[in-house]
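Analysis of the macromolecular model
Each chain is listed here by its residues.
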Amino acid sequence: MRRSTLAQLLLGAAETGIRLYEWQRRWLDDDSTFRILLKSRGVGGSFIIALEALIESLLNPGSLTLLISYSQRQSLELFRKVKTVLGALERASLSWGGEVYRSVKVSSESKTQLELGNASRIVSLPNNPDAIRGYRADSVYIDEAGMFRDDFEVKSAVIPSTVGRGGRLSLVSTPKGRRGWFYEAWTGGAFSRHTAHYSEARHITSEELERLRKTLTELEWLQEMEHEFLDEANAVFPYELILQCISEDAYEPASHPVFIGVDVGRLRDSTVITALERLDDGLLRVFHIQELRGVDFQTQENVIAELARALRPVSIAVDKTGIGLPLYESLSRTLPGVEGVAFTHNLKEAMIAAIQSLMRGRRIRIPADAPELINQLRAYQRVETQTGGVRYEAPRGQHDDYVMSLALAVGAALKRLTTGTAVKRVWNWP
Ligand SMILES: Nc1ncnc2c1ncn2[C@@H]1O[C@H](COP(=O)(O)OP(=O)(O)OP(=O)(O)O)[C@@H](O)[C@H]1O
Ligand SMILES: [Mg+2]
């Protein structure tokens, strides 16, 4: 039985009414030595630490689990969470693997530690490297790891006393800038990575989100809720953001409205076509990306016409800037729903902002097997000009035709949104 199944059974037997979220199940079932969880505020990060600490203590008699928080107050609060979960589990009774887990017994208990009947201990500590060094732990959890002062000192205290002895280490946090141990661990590759976004925590209501949006500045919102390590230089689409929108499973269009974007090759001899579907809940799902490289004008037109016949798109947004004009004109004579889009600075900026906003709200899905698009998105930059303005562009020497093709398809889909949908930013083609 998976740990998540056991956890859910216990929560059920204790009649807590809590159903574990998918991310919580993935986290519980990952038995890597190093795990890291990047989360929005309030999603249940401390709760999952408390629950897992108890379950691991039950399953491994005589074990020691350390919970480390950045402040005294936080460590007390985390320990209270452990006791709340314990209180529920004490009422539960469950048999599994020949064992009966009934009324978890506590043999001793103080404000910051408790010992179970099977001699397992859970200790909650504030940020104090010296105290940490005094323990030999089987498992260490660092809650809000991004908030730790002197975090590298904590790291050098934790690693030898835990991992050096065959123990496991878990870091949980909202991001706090491109700095420190948490950021290093997140980007370093040694940790098994998990995320928990507010959209994956149903207990957070839309009223609560609305209130947060009003109280937080835009930058705070990005950091606290949208997983952004803020000072990431000039990236328009931070990699983490893109990864959230990647979908591994193959996707066939169903019977939802289809929108197509066509970026006509300027810099290199290629045209990129992107088709996406708008699902009933407003989610945009990219299902077709095609590059026509070194293909003559007539063939391009034929390919697009054939695609349009197969997919019956609501609209096809075609870049009509410069070299795109003849293709647009000829497509608009033969196909319905063709719109010419002239890229202006403002329009481009609005399109990029729209894609960002969709990504942050997890309202767009990009197929994992679109490496060209993903790479171009990653490379996209926000550049401040000498006159104090802002330009969005691909770095020197790189192309942005996949991004523009996506932007055209997204623009076409958003343009047709009526009110009452979740998408806020709609613009008109000039
Ligand atoms: N699967 C779930 N279903 C319903 N409620 C849950 C679930 N998981 C956690 N919660 C609840 O969510 C609330 C917030 O949990 P918790 O404090 O652990 O979140 P957090 O991510 O640590 O928050 P913070 O960012 O403030 O530290 C708690 O009331 C907790 O009981
Ligand atoms: Mg917490």
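Residues numbered from 1 in each chain as written. Chains lettered and ligands numbered in written order. Predicted model: local features only at pLDDT ≥ 70, side-chain atom pairs only at ≥ 80, totals over all residues.

**Brief notes about the overall build of the chain**
- When its secondary structure is counted, the chain shows 15 helices and 19 strands.
- Per-residue burial for the chain yields a buried fraction of 38% across its 430 residues.
- Within the chain, counting contacts between residues at least 6 apart in sequence, those at least 24 apart form 70% of the total. (Helix = DSSP H or I, 4+ residues; strand = E, 2+ residues; numbered from the N terminus. Buried ≥ 20, exposed ≤ 12 C-beta atoms within 10 Å, placed from the backbone. Contact = placed C-beta atoms within 7 Å.)

**A short note on the sheet that holds strand 9 (residues 168–173)**
- Pairing within the open sheet is mixed, and its 8 strands lie in the order 5-6-7-2-8-9-1-10. Edge positions in the sheet fall to strand 5 (106–109) and strand 10 (192–196), since each of these pairs with one other strand and no more. Within this sheet the neighbouring strands show an average axis-to-axis angle of 15 degrees, counted without direction.
- The strands touched by helix 2 (residues 22–29) are strand 1 (34–39) and strand 10; relative to strand 10, the strand with the most contacts, the crossing angle is about 160 degrees.
- Set on the sheet, helix 4 (residues 72–90) makes contact with strand 2 (64–68), strand 7 (121–125) and strand 8 (139–143); between it and strand 7 the angle comes to about 150 degrees. (Pairing = 2+ DSSP bridges. Axes fitted to C-alpha atoms, helices over the stretch in contact; angles between N-to-C directions.)

**Brief notes about the environment of Gly 12**
- Looking at where Gly 12 falls in the secondary structure, it is placed in helix 1 (residues 3–13).
- Residues Gly 12 and Ala 92 lie 80 residues apart in sequence; the distance between their C-alpha atoms is 8.2 Å.

**Some thoughts on the packing of helix 1 against helix 2**
- With their axes 7 Å apart at the nearest point, helix 1 and helix 2 run at an angle of 125 degrees to one another. In this view, helix 1 runs oblique relative to helix 2, as classed from their interaxial angle. Contacts between helix 1 and helix 2 pair Arg 3, Ser 4 and Ala 7 from the former with Arg 25, Leu 28 and Asp 29 from the latter.
- In terms of residue class, the contact of helix 1 with helix 2 is made up of 2 nonpolar, 1 polar and 3 charged. (Parallel < 35°, antiparallel > 145°, perpendicular 65-115°, else oblique. Nonpolar A, V, L, I, M, F, W, Y, C, P; charged D, E, K, R; others polar.)

**Topic: the confidence of the model for the chain**
- Mean pLDDT over the chain works out to 86, with 90% of the residues at or above the 70 mark.
- Contacts for the low-pLDDT stretch residues 418–430, under 50 throughout, to residues beyond four places or in other chains number 21 contacts. (pLDDT = per-residue confidence, 0-100.)

**Focus: the nonpolar core**
- Residues Leu 67, Ile 68 and Val 82 are the most contacted members of the largest nonpolar core, which totals 55 residues.
- In terms of residue count, helix 4 provides more of this core than any other element does, 7 residues in total.
- Each residue touching Val 82, except ones within four places of it in the same chain, is listed here: Ala 50, Ala 53, Leu 54 and Ile 122.
- Residues Ile 260, Leu 276, Val 318 and Leu 331 belong to the second largest nonpolar core, which totals 49 residues. (Core = buried A, V, L, I, M, F, W, Y, C linked by C-beta atoms within 7 Å.)

**Side note on the site of ligand 1**
- Contacts to ligand 1 come from 14 residues, most closely from Arg 41, Gly 44, Gly 45, Ser 46 and Phe 47.
- If you tally residues by element for the shell around ligand 1, the top one is helix 3 (residues 45–59), at 3 residues.
- A per-class count over the shell around ligand 1 returns 5 nonpolar, 6 polar and 3 charged. (Near = placed C-beta within 6 Å.)

**Here we look at the pairing of strand 6 (residues 113–116)**
- Side chains of strand 6 alternate between two faces, with Leu 114 and Leu 116 buried and Gln 113 and Glu 115 left unburied.
- Of the pairings in the sheet, the one linking strand 5 to strand 6 comprises 3 bridges and is antiparallel in character. Following the sheet pairing, Val 106 is matched in strand 6 by Leu 116.
- Of the pairings in the sheet, the one linking strand 6 to strand 7 comprises 3 bridges and is antiparallel in character. Residue pairing in the sheet places Leu 114 in a bridge with Ile 122 of strand 7.

**Observations concerning the sheet that holds strand 17 (residues 364–367)**
- With respect to topology, 7 strands assemble into an open sheet ordered 11-17-14-13-12-15-16, the strand pairing being mixed. Each end of this open sheet is capped by a strand with a single partner; those strands are strand 11 (246–247) and strand 16 (338–341).
- Bridge count for strand 12 (residues 258–263) against strand 15 (residues 315–319) is 4 bridges, and the pairing is parallel. Its bridge partner lying in strand 15, Val 262 is registered against Val 318.
- Contacts from helix 11 (residues 297–311) reach strand 12, strand 13 (270–278), strand 14 (284–293) and strand 15 within the one sheet, and its direction differs from that of strand 13 by about 10 degrees.

**Points about helix 15 (residues 401–415)**
- Here helix 15 spans 21 Å end to end across 15 residues, near enough to the 21 Å set by a 1.5 Å rise per residue.
- Counted residue by residue, helix 15 has 14 buried out of 15 residues, so it is predominantly covered. (Expected span 1.5 Å × (residues − 1).)

**Focus: the pairing of strand 8**
- Taking burial as the measure, the 5 residues of strand 8 include 5 buried ones, the bulk of the element.
- Neither face of strand 8 is open: one carries Ser 139, Tyr 141 and Asp 143, the other Val 140 and Ile 142, and all of them are buried.
- Of the pairings in the sheet, the one linking strand 2 to strand 8 comprises 4 bridges and is parallel in character. Pairing of Thr 65 across the sheet is with Ser 139, part of strand 8.
- Sheet topology places strand 8 next to strand 9; 5 bridges connect them, and they run parallel. Each bridged residue has a counterpart across the sheet, and for Tyr 141 the counterpart in strand 9 is Ser 170.
- Taken together, strand 8, helix 6 (residues 151–161) and strand 9 constitute a β-α-β crossover, and its handedness is right-handed. (Right-handed = clockwise from strand over helix to strand, strands pointing away.)

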